[in-house]
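Next come the chains, spelled out residue by residue.
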Amino acid sequence: DDAASASGPRGRVLFEKQQPLGAAKNNTSVSLRGTPTTTALKAADHRTSHAKLRATQHDPALGTPPPSNKLRGSGGLGSSSSSKASSSAEHVLAVLREMQESSVEPRWDAYRAAIAACDQSGRSEDVIKIFDDAKAAGLRPTGWAYSRAVAACERTGEWERALALVDEMRDHSMRLGALTYSSAIAACHRGNRWLRVLSLLDEMRDHDLQPSILAYA
C-alpha cells in the first residue's frame, strides 16, 4: 500500500528527491509575499503624473499664439481663449507641484508643459521660476525654453537676467533666433542700455536675422 511504499527504500529516495523542490517552492512563495511595492507604486505615480501633463499638452490653448489685444478686450473669442489658457496653466502648475512634492521626479517634458502654459497665459514670473526649477533639478533647458525665459524677463523688466540668459545660450552653443534677440533688445531698451541694444542689432545682422519692428522701436 501507499504507506508501505513510502516507508521502503524506494519511497525514501522519492521523498528525498521531491522534498528540496517543495522547500524551494515554499521559499519562493514567501519571498514574493515579502517583496516591497514601493518601487512599483513610484513607477505608477510617475506614469500617472506624466499622463496628466501629456493630456494637457494637447490642449489647443497651449498650441496657439496668445490672442491679440483687440480680441482679448472684446469679451468674445479672445476673452474665451485667454480664460482657457489661464485654466490650463493652473492645471499644469498643480500637476507639476504635485510631482515635486511627492516621490515622483519631474522629467523635462513636465517643466516644458508648465513653461508653455504659463507663457501662453502671460504668467511671466511663473515662466522664470519654472525655468529656474528645471535647472535646479539638474535638467538642461532647450533653446526654446531659454527663448521663452528671455521673453519673460523682458516683460518683467529684468534686463540683466535677460542678457545673462543670452550669454548662457552662447556658452551652450545654442543658436539665438530672431525672437530671442528681439526680446533681449526690448529688455535692454527698458533698462536704457542703448549700447547693448546696438550691439545686439549688429549681431542679428551678422547672423542674417531680420530685426523685427519691435527691435527697431
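What counts, and at which threshold
- Residues numbered from 1 in each chain as written.
- Predicted model: local features only at pLDDT ≥ 70, side-chain atom pairs only at ≥ 80, totals over all residues.
- Heavy atoms only, no water.
- Salt bridge = Lys/Arg side-chain N within 4 Å of Asp/Glu carboxyl O.
- Helix = DSSP H or I, 4+ residues; strand = E, 2+ residues; numbered from the N terminus.
- Buried < 20%, exposed > 50% of the residue type's maximum accessible area, 1.4 Å probe, protein only.
- Expected span 1.5 Å × (residues − 1).
- Contact = heavy atoms within 4.5 Å.

J.: Report on the pattern of salt bridges, specifying residues and quantitative values.
T.: Per the counting criterion, the structure on display carries 12 salt bridges. A salt bridge links Lys 129 to Asp 133; the nearest nitrogen and oxygen atoms lie 2.9 Å apart. Linking Lys 129 with Asp 133, this pair stays in helix H8 (residues 124–136), spanning four residues, or about one helical turn. Given the relative accessible area of 22%, Asp 133 is considered partly exposed. Each of Glu 90, Arg 123 and Asp 126 takes part in one network of salt bridges that share partners.

J.: Would you mind going over the environment of Ala 116 in detail, with residue names and values included?
T.: By the element assignment, Ala 116 lies in helix H7 (residues 108–120). Remark: the alpha-carbon pair of Ala 116 and Trp 144, spanning 28 residues in sequence, is separated by 9.8 Å.

J.: How would you explain unusual backbone geometry if you had to name every residue and give the values?
T.: One non-glycine residue, Ser 173, lies in the positive phi region at around 60°. Given the relative accessible area of 67%, Ser 173 is considered exposed. Its identity is not glycine, yet Asn 192 carries a phi of approximately 60°, on the positive side. Residue placement: Asn 192 occurs in the loop between helix H11 (178–190) and helix H12 (194–206).

J.: I'd like a description of helix H10 (residues 159–171), backed by residues and values.
T.: Taking 1.5 Å of rise per residue, the 13 residues of H10 would be expected to cover 18 Å, and the 19 Å separating its terminal C-alpha atoms lies within 8% of that figure. Taken together, the buried residues of H10 touch H8, helix H9 (143–156), H11 and H12. Positive backbone phi, approximately 60°, marks Ser 173, located one or two places after H10.

J.: Just give me the short version of H9, but keep the residues and values in it.
T.: Each α-helix turn comprises 3.6 residues. Residues three or four places apart therefore point the same way. Helix length check: H9, at 14 residues, gives a terminal C-alpha distance of 20 Å against a target of 20 Å (1.5 Å per residue), a fit within 8%. Burial within H9 is extensive, with 10 of its 14 residues counted as buried. Buried within H9 are the following residues: Ala 145, Tyr 146, Ser 147, Arg 148, Ala 149, Val 150, Ala 151, Ala 152, Cys 153 and Glu 154. Taken together, the buried residues of H9 touch H7, H8, H10 and H11. Positive backbone phi, approximately 80°, marks Gly 157, located one or two places after H9.

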